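The lines below spell out each chain.
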Amino acid sequence: MLTSRAKLRGAVVVSAMAVALIGAGTAANAADWPPLKEGAYLYSGTHGTGPVSAVDLGDFGTCHTLATAARSIQVVSGSASVVLYPGAGCTGANPWASGSLAQSDLPRAALSYRVVSA
């Protein structure tokens, strides 16, 4: 029968291994993306790949229609976020909001966007 100390040591080892594996997975995922930089960027491919469209974070409320659908986004801002729409002219059901610090593949292709306060 294992003592309490042995059980505790085993739990600590398992926890440490889980943390290390989670950290390795996060680092690998972040390595797929372009480096973070101030501003907002829409990419036509997943994981920040393909042609990029820069977003003017100072242009609040204006609807912008993209020439090429966006599939991923990076945002680094303290005051603005981006709402993406599946249809042109900021239309379509289920718009997606980024938040002011985001690096994400979109749940669906976006054809238009609007900058809003974070």
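Residues numbered from 1 in each chain as written. Predicted model: local features only at pLDDT ≥ 70, side-chain atom pairs only at ≥ 80, totals over all residues. Heavy atoms only, no water.

(A) Representation of the pairing of strand S3 (residues 63-76) within the structure. Two strands pair when backbone bridges link them, and strand S1 (residues 39-43) and S3 are joined in this way by 5 bridges, in the antiparallel orientation. The residue of S3 that forms the bridge with Tyr 41 is Gln 74. (Pairing = 2+ DSSP bridges. Helix = DSSP H or I, 4+ residues; strand = E, 2+ residues; numbered from the N terminus.)

(B) Region of interest: the packing of aromatic side chains. Under the defined criterion, the tally for this structure stands at 0 aromatic pairs. A cation over a ring is seen here: Lys 37 above Tyr 41, with NZ or CZ 4.8 Å from the ring centre. (Phe/Tyr/Trp six-rings, centres within 6.5 Å; stacked < 30°, edge-to-face > 60°. Lys NZ or Arg CZ within 6 Å of the ring centre and 35° of its normal.)

(C) Expanded view of the state of the cysteines. Evaluation of the coordinates by the stated rule reveals 1 disulfide. With its sulfur 2.2 Å from that of its partner, Cys 63 forms a disulfide with Cys 90. With the S-S dihedral at roughly 110°, the linkage between Cys 63 and Cys 90 falls on the right-handed side. Taken together, the residues Cys 63 in strand S3 and Cys 90 in the loop between strand S4 (80-85) and strand S5 (96-97) connect sequence positions 27 residues apart. Owing to a relative accessible area of 12%, Cys 90 belongs among the buried residues under this scheme. (Disulfide = S-S within 2.5 Å. Buried < 20%, exposed > 50% of the residue type's maximum accessible area, 1.4 Å probe, protein only.)

(D) Fine view of the confidence of the model for the protein. Considering every residue of the protein, the mean pLDDT works out to 83; 74% of them sit at 70 or more. Contacts of residues 10-28 to residues separated by more than four positions or lying in other chains number 0 contacts, the stretch itself having pLDDT below 50. (pLDDT = per-residue confidence, 0-100. Contact = heavy atoms within 4.5 Å.)

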